[in-house]
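# What the coordinates show
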Amino acid sequence: MHYSIEKVAALIGAHRYGSADTQIEWLLTDSRSLAFPETTLFFALRTRTGDGHRYIDDLYRRGVRNFVVSAVPWKEHDRAVADYGVAEGKEPPTSSLFPLPSAKLYPDANFLEVISPLKALQRLAERHREEYDVPVVGVTGSNGKTVVKEWIYQLLSPSQQVTRSPRSYNSQIGVPMSVWLLTEQSRVGIFEAGISQRGEMPGLRAIIQPTIGVMTNIGAAHQENFASTEEKCLEKLSLFDDAEVLVYCADDPIIGRCLAESRFHGRRFGWSRTDADAPLYITRAKKHADGTTIVFNGTEALLPFTDDASIENAINTIATGLVLGLTPETIAERLPRLAPVAMRLEVKQGVRGLTLINDSYNSDLTSLDIALDFLHRRCAQQGEQGTRRSVLVLSDLEQTGLDADTLYHRVAEMLQTRNVDVLVGIGENISQAHSLFSCEKHFFASTEELLASGMLETLHSDIVLLKGARSHHFDLIAEQLELKVHETVLEVNLGALAENVRYYRSFMQPETKLVCMVKASAYGSGSVEVARTLQDLGVDYLAVAVADEGVELRKAGITMGIIIMNPEMSSFHTLFKYRLEPEIYSFRLLDALVMAARKEGITNFPVHVKLDTGMCRLGFNPDEDIPALIERLQHQQALRVRSVFSHFVGSDSEDFNDFSQWQFERFDRASRQLQEAAPYHILRHICNSAGIARFPERHLDMCRLGIGLYGVDPVTNGRINNVTTLRTTILQIREIQTGTSVGYSRRTVVEKPSRIAAIPIGYADGLDRHLGNRTGYALVNGQKAPYVGNICMDVCMLDVTGIDCREGDSVEIFGDNLPVTVLSDLLGTIPYEVLTSVSERVKRVYFQ
């Protein structure tokens, strides 16, 4: 559903600055998640760790025009403007104040001023919820909320349109963002609600307004903020005060007692393993090799899981299905197809043959037990229990509600039961309990102390589980890196990079968006620093080849949109986790991505459709595939097309002008078809670096800047502003006599007495072997020095006869004085290949 900005202002009781007529479709609280700026409303939330108002400038540059802001800082800023004349170009004193919402500073923007942007977000979601008279399932409990929600969805989705919370969106922010996803097509809503202290649930109840409630269980999570388990249970049950039906375990005495004290007066649908008169009676749950056979109300069904938590979650799912009108036979048919919900456990390869299991999402006993079970099974499944040690790196446990002695006695029992070989404990409490643990053990006061100790370097070929509370910064352990030291460096001029952006933007209209290619480590320049510069310059998108490149950028703090040009089937979870937008080029990829998104509860995930208009590489056929593509896209909600694009084959040459024209006509026709079938705007782009300069009439909505960004003019093969210079130093100089051979296989024999310099760069650093034996040259103190002998792996030799130089002098391989195009011409290749061949072991040095 679209809301006019005028209607939103009325619903949340905001004072509006600005008069632009806008339709709102997307709500945003995290600037890193921006996908569709034109129809996005950003809520500038304040938290203990940040203030969303600080991102307004950046979001405005990225295309967002609608903001909900707090009244207090704006009024303070009004006074700063009056006192310091900001409107006349002067800056106020450094403070936490933010730009005044005026036409001068933010033309065509709308600012909705409220007391609390968070309360406004919740109120807007509440009003939105009231638009829909459909069954809405509210799910809460200590554990299993996300799994139960996803399994209810899987049970219902074959026959109904279901809207549910994405992933674990169950907080004061996540719940309103989830409820906003309800549309006219929704027939059932499923939303989970999580709390950590008293007084939080009534607000979530007003937003979700559940007609059906599901209480999964009551455990120890977040117990520290409640006087008793009963108090926490009552707080959770308050979600269902106005619900018509409640699904719960009738065998749980705590839930039973609290239910009698609660305000719930609807129908109780309790399931039981002991009471044959219960609405859902579980006669048997028998585990076997293929899963668990569950017999309920006389119907037998196969659950493809055997752990106790999954069995309990499945029973809650069955009960909800019955309440929503599914027959026992339908449930029995669909239950075997329940798929595992994407876990928070991450399994990665580590250094020195380690396998890392990262589960630092939370730190209560229940999640520890699940993680230890995973560690134990991982060892057993690989058949390496006896050869690879199981290592647990564990911080102080939080949010358990238990005293330290009781808590760590239980932890010690868990470790012994799961045969953990080594415990690395971090924190004061677990260190004080060291005597309780019988395995090999090491204790540290902090993560920093562990990293400084060198203990982690003693681990080899082990399976390591990282289980830490967020406050202990376990990401420092998971992402520990080793510095590479090398005398050869690639200097990257970020100022020249910025000038190249400005140069190409001079060909473009101000409203035309720009994608900058940073794949292959930004053409060898180092993607992180280049991306940071481009983000500061306000480009609209970055593009990389594979998901791992995008992950590196996200971990480095890059928040702007990132397109993945060559997504792999195995990378879907990574795409979703790090908000990386994939290119879609085939029906097989489209179908697989839709299925993966549904599995993870993803909706409207932005994708970029590629058409093959003449490259014969990747892409949909623009003449044959469009009708089927439209049909597929219209019958799913998991993905949303952000852009459609194609590649020119020969935009850099006039020889291919006719072919370029033919390509553009095919693209224009097919992309218009796609746009006409979509109820939202789709960006269109086909121009690369050469196309930006040569075809201004074909810029459309967006252009892609590749090799031109790095200073190479693809039309003339000349230089714009050089960005990268590869330098090294002379290690040693020796005098040799006539007839002496140089290098492997005696390929070069000098014909006169010569001076030969050895430099620390070779083919392992990206220096092409074909440059050897006087084919190419480097610059030593500005003079040409030919390569002699074969290029070796780590070292090569230069003939510096007649050049005034000494050991330690600088050598330019390519750069400001020796253009990279000279090397590519000598090699009969393109500058792209030379630039991207510079290996990761070459240190990058950045400067303005």
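Quick caveat: nothing in here was measured; it's all calculated off a predicted structure.

Cut-offs applied
Residues numbered from 1 in each chain as written. Predicted model: local features only at pLDDT ≥ 70, side-chain atom pairs only at ≥ 80, totals over all residues. Heavy atoms only, no water. Helix = DSSP H or I, 4+ residues; strand = E, 2+ residues; numbered from the N terminus. Rg over C-alpha atoms; globule rule 2.2 N^0.38 Å. Contact = heavy atoms within 4.5 Å. Areas by Shrake-Rupley, 256 points an atom, 1.4 Å probe, with all protein chains shown as cover. Lys, Arg positive; Asp, Glu negative; His and termini not counted. Charge placed at Lys NZ, Arg CZ, Asp CG, Glu CD. Buried < 20%, exposed > 50% of the residue type's maximum accessible area, 1.4 Å probe, protein only. Pairing = 2+ DSSP bridges. Axes fitted to C-alpha atoms, helices over the stretch in contact; angles between N-to-C directions. Disulfide = S-S within 2.5 Å. Salt bridge = Lys/Arg side-chain N within 4 Å of Asp/Glu carboxyl O. pLDDT = per-residue confidence, 0-100. Parallel < 35°, antiparallel > 145°, perpendicular 65-115°, else oblique. Nonpolar A, V, L, I, M, F, W, Y, C, P; charged D, E, K, R; others polar. Phe/Tyr/Trp six-rings, centres within 6.5 Å; stacked < 30°, edge-to-face > 60°. Lys NZ or Arg CZ within 6 Å of the ring centre and 35° of its normal. Right-handed = clockwise from strand over helix to strand, strands pointing away.

On to the overall build of the chain. Scanning the chain from N- to C-terminus turns up 27 helices and 41 strands. Compactness check: the chain gives a C-alpha radius of gyration of 31 Å against a globular reference of 29 Å for 848 residues, within 12% of the reference. For the chain, the spread of C-alpha atoms along the principal axes amounts to about 105 × 70 × 65 Å. Across the chain, every contact between residues at least 6 apart in sequence was considered, and the portion connecting residues at least 24 apart equals 66%. Carbon and sulfur atoms make up 48% of the accessible area of the chain, which totals about 36500 Å². Side-chain charges of the chain comprise 87 positive and 107 negative groups, with the mean position of each set lying 1 Å from the other.

One non-glycine residue, Asn 297, lies in positive phi territory at about 45°. Here Asn 297 is to be found in the loop between strand 15 (291-296) and strand 16 (299-303). On the accessibility criterion, Asn 297 (37% relative accessible area) is partly exposed. In this structure, Arg 774 is a non-glycine residue whose phi angle is positive, near 70°. Along the chain, Arg 774 turns up in the loop between strand 36 (754-759) and strand 37 (777-780).

This part takes up the sheet that holds strand 27 (residues 581-584). Strand order across the open sheet formed by eight strands is 30-29-28-27-26-25-24-31, with parallel pairing between neighbours. The open sheet has two edge strands, strand 30 (683-685) and strand 31 (702-705), and neither has a second partner. Within this sheet the neighbouring strands show an average axis-to-axis angle of 30°, counted without direction. Here strand 28 (residues 605-610) runs beside strand 29 (residues 639-645); their pairing, made up of six bridges, is parallel. Directly across from His 608, in strand 29, lies its bridge partner Ser 643. Against the sheet, helix 20 (residues 547-555) touches strand 25 (541-544) and strand 26 (561-564), its axis set at about 165° to strand 26.

Let us now look at the state of the cysteines. Counted under the stated rule, the structure contains zero disulfides. Among the cysteines around Cys 805, which has no disulfide bond, Cys 796 carries the closest sulfur, lying 14 Å off.

What follows deals with the pattern of salt bridges. Enumeration according to the criterion identifies 36 salt bridges in this entry. Salt-bridge contacts for Arg 642 lead to Glu 38; the nearest nitrogen and oxygen are separated by 3.3 Å. Placement of the pair is Arg 642 in strand 29 and Glu 38 in the loop between strand 4 (26-28) and strand 5 (40-43), with a sequence separation of 604 residues. Take Arg 642: its relative accessible area is 3%, and that puts it in the buried class.

Bringing the confidence of the model for the chain into the picture now. Across the chain, the average pLDDT comes to 88, with 90% of residues at or above 70. Counting interchain partners and residues more than four positions distant, the pLDDT-below-50 stretch residues 74-100 has 41 contacts. Confidence drops under a pLDDT of 50 for residues 381-386, and excluding neighbours within four residues, the segment shows seven contacts in the predicted structure.

Now for the packing of helix 1 (residues 5-12) against helix 4 (residues 117-129). In contact at an axis separation of 9 Å, helix 1 and helix 4 are set at 105° when each is read in the N-to-C sense. Taken together, the axis directions place helix 1 and helix 4 in an arrangement best described as roughly perpendicular. Taken together, the residues of helix 4 that come into contact with helix 1 (itself represented by Val 8, Leu 11 and Ile 12) are Ala 120, Arg 123, Leu 124 and Arg 127. Within the contact of helix 1 with helix 4, the residues separate by chemical class into five nonpolar, no polar and two charged.

This part is about the packing of aromatic side chains. The full count for this structure, using the stated rule, is 17 aromatic pairs. Ring geometry for Phe 659 versus Trp 662: centroids 5.4 Å apart, planes at 50°, classification tilted. With Phe 659 and Trp 662 both in helix 24 (residues 657-677) and three residues apart, this pair spans about one turn of that helix. Overall, Phe 659 belongs to the partly exposed group, its relative accessible area being 32%. The ring centre of Tyr 3 lies 4.5 Å from the NZ or CZ of Lys 7, which sits over that ring. It is Arg 640 that lies over the ring of Phe 36; its NZ or CZ is 4.8 Å from the centre.

We now examine the pairing of strand 27. The pairing of strand 26 with strand 27 spans two bridges and is parallel. Paired with Ile 563 across the two strands is Glu 581, which belongs to strand 27. Remark: the strand 26/helix 21 (residues 572-577)/strand 27 crossover connection has right-handed handedness. In this sheet, strand 28 lies alongside strand 27 in parallel orientation, the contact comprising two bridges. The partner of Ile 584 across the bridge, within strand 28, is Val 609. Handedness of the crossover joining strand 27 and strand 28 through helix 22 (residues 587-599) is recorded here as right-handed.

Right, let's get into the sheet that holds strand 36. What the nine strands build is an open sheet, ordered 33-36-39-38-37-40-32-23-41; its pairing is mixed. The open sheet is flanked by strand 33 (732-736) and strand 41 (843-847), the only strands paired with a single partner. Taking the axes of each pair of neighbouring strands and ignoring which way they run, one obtains an average angle of 35° across the sheet.

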